Amino acid sequence: MISGFFIFNQKGEVLISRLYRTDLKRSIADVFRIQVVSNSDVRSPIITLGSTSFFHVRANNLYIVAVTKCNANAALVFEFCYRFITIAKSYFGKVDEEAVKNNFVLIYELIDEIIDFGYPQNSEADTLKTYITTESVVSSSIAAEESSKITTQATGSTNWRRGDVKYKKNEAFVDVVETVNLSMSAKGTILRADVDGHIMMRAYLSGTPECKFGLNDKLVIDKSERGASDAVELDDCRFHQCVRLDEFDSDRTISFVPPDGEFELMRYRSTTNVKLPLKVMPTVTEIGTTQVSYVVTVKTNFNNKLSATNVVVRIPTPLNTTSVDCKVALGKAKYVPAENVVVWKIPRIQGGQEVTFSGTAQLTSTTHRQVWARPPIDVDFQVLMFTASGLIVRFLKVFEKSNYHSVKWVRYLTKASGTYQIRF
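Procedures and definitions
Residues numbered from 1 in each chain as written. Predicted model: local features only at pLDDT ≥ 70, side-chain atom pairs only at ≥ 80, totals over all residues. Heavy atoms only, no water. Helix = DSSP H or I, 4+ residues; strand = E, 2+ residues; numbered from the N terminus. Buried < 20%, exposed > 50% of the residue type's maximum accessible area, 1.4 Å probe, protein only. Contact = heavy atoms within 4.5 Å. Areas by Shrake-Rupley, 256 points an atom, 1.4 Å probe, with all protein chains shown as cover. Pairing = 2+ DSSP bridges. Axes fitted to C-alpha atoms, helices over the stretch in contact; angles between N-to-C directions. Parallel < 35°, antiparallel > 145°, perpendicular 65-115°, else oblique. Left-handed = near helix turned anticlockwise from the far one by under 90°. Nonpolar A, V, L, I, M, F, W, Y, C, P; charged D, E, K, R; others polar.

1. What to know about the overall build of the protein
Point 1. The helix and strand inventory of the protein stands at 7 helices and 27 strands.
Point 2. Each of the three principal axes of the protein carries a C-alpha extent, and together these read 80 × 60 × 45 Å.
Point 3. Taken over 424 residues, the protein has a buried fraction of 46%.
Point 4. For the protein, contacts bridging at least 24 residues in sequence account for 70% of all contacts bridging at least 6.
Point 5. Only carbon and sulfur atoms are counted for the fraction: they give 50% of the accessible area of the protein, which is about 22,000 Å².

Next comes the structure, spelled out in structure tokens:
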């Protein structure tokens, strides 16, 4: 399996180094530095040199590297690398060079615990935090009692949760967060429209509760069942390991014992029947060689009880623009010369509302006139209680043997940040 694990900074310096097998030497780090870090042409996350394979992922300014000499399962190795990043974030927040240097003793403890002779073992952050702790040392009598609980948790059927969790107020928060990706041509044809979604859950529940989670009745995942116009079609789904999928295929309910605290319950994609929250209609006219006229209309595609907030429309201008006369009825528009864009910020647009930007860009004369490439208009926004895929949580039920009362909250958020583009 994995023969060695390394963390490099962007200069190629080794920050963390651990060998698990005798088939590698520490000098293998120099090979990765020369062949990958120093080589800007390398794009693949897997590099095989002779019989040695290097698997690497980037996290901020770091390279997380696993090295193996055998024919290892690539998906498993990458899952381990990403799981390590998740564990590191849960321990000390941001994963960057400074954090690694400040916590290198803790990192060595973690990688020695989650890998045994190159085989990934328990990588649940909640379980690891029970015995790899950054807090004060506990007394020996308490430590013995804790040790038995840790063994039960790590080897039990729900190794992601302890059974003795207690809260005064039992609450469960569900956030359905969707990112809309749009690319529209100048003629108004949709070139690409898809949704990347994930369901985040924060569970502050006592004991070992059983949760049941219901999604849309008309939820289609199997491609052979597609075709209904009102169905919610998901291309692929990925669930947290706590989920039992027995009932999901029959009635679209997810049954699980949740980890304590925040976790990602489900991740999905949708490429059909996408409801676009904002419609952008640009009219851009070049007047001779000295002016460009803009009329950009933004219209909302949801009911008037909802609203889009933090709307930012970035409207490109030619490189030789000197000034832009901006007129808006809502929000503020300003020309930013450093970026060659007009930034139109709208704090809130109500559902069913239509807002318009009009302006004229003044151009300076140039000796060699270049054809304007016309980059796309980019729109950022957030819409609460709206899903572009149409995914809906029908119910969330919590069952626990003590039969306590729990409070459940469900929130929807659809957003775009640099991925909602309209050409003109």
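2. With respect to the sheet that holds strand E18 (residues 291-300)
Either a parallel or an antiparallel arrangement is found when strands of a sheet pair, and the pairing is made through backbone hydrogen bonds.
Point 1. Across the sheet, which stays open at both edges, the 4 strands sit in the order E17-E18-E23-E20 with antiparallel pairing between neighbours. On the outer flanks of this sheet lie strand E17 (278-287) and strand E20 (321-328), each paired with one strand and no other. Across the sheet, the mean angle separating the axes of adjacent strands is 15° when strand polarity is ignored.
Point 2. Pairing analysis gives 9 bridges linking E18 to strand E23 (residues 354-363), with the strands arranged antiparallel. Residue pairing across strands places Val-295 opposite Ser-358, the latter belonging to E23.

3. A look at the environment of Lys-94
Point 1. Tracing the backbone through its elements, the reader meets Lys-94 in the loop between helix H2 (74-92) and helix H3 (97-102).
Point 2. Judged by relative accessible area, which is 55%, Lys-94 ranks as exposed.
Point 3. Along the primary structure Lys-94 and Asn-60 are separated by 34 residues, whereas in three dimensions their C-alpha atoms are 8.9 Å apart.
Point 4. In contact with Lys-94, other than residues within four places in its own chain, are Asn-60 and Ala-99.

4. As for the packing of H2 against helix H4 (residues 104-114)
Point 1. Contact geometry of H2 with H4 gives a least axis separation of 11 Å together with a crossing angle of 140°. In terms of orientation, H2 and H4 fall into the oblique class. Between H2 and H4 lies a crossing of right-handed hand. Contacts from Phe-80, Phe-84, Ile-87, Tyr-91 and Phe-92 of H2 reach H4 at Leu-106, Ile-107, Leu-110, Ile-111 and Ile-114.
Point 2. Considered class by class, the residues forming the contact of H2 with H4 number 10 nonpolar, no polar and no charged.

5. Observations regarding the sheet that holds strand E25 (residues 393-399)
Point 1. On the basis of which strands lie adjacent, the open sheet formed by 4 strands has the order E14-E15-E10-E25 and antiparallel pairing. Every other strand in the sheet has two partners, leaving strand E14 (243-244) and E25 as the edge strands with one partner each.
Point 2. The pairing of E14 with strand E15 (residues 253-256) spans 2 bridges and is antiparallel. Paired with Arg-244 across the bridge in E15 is Ser-255.

6. A closer look at the pairing of strand E19 (residues 307-316)
Point 1. Of all 10 residues making up E19, 8 are buried, and the element is well covered by its neighbours.
Point 2. Where E19 meets strand E22 (residues 341-350), 9 bridges bridge the pair, whose relative direction is antiparallel. From the neighbouring strand, Arg-314 faces E22, where its bridge partner is Val-343.
Point 3. In the sheet, E19 pairs with strand E24 (residues 377-384) via 5 bridges, with the strands oriented antiparallel. Within E24, the residue paired with Val-313 across the bridge is Val-379.

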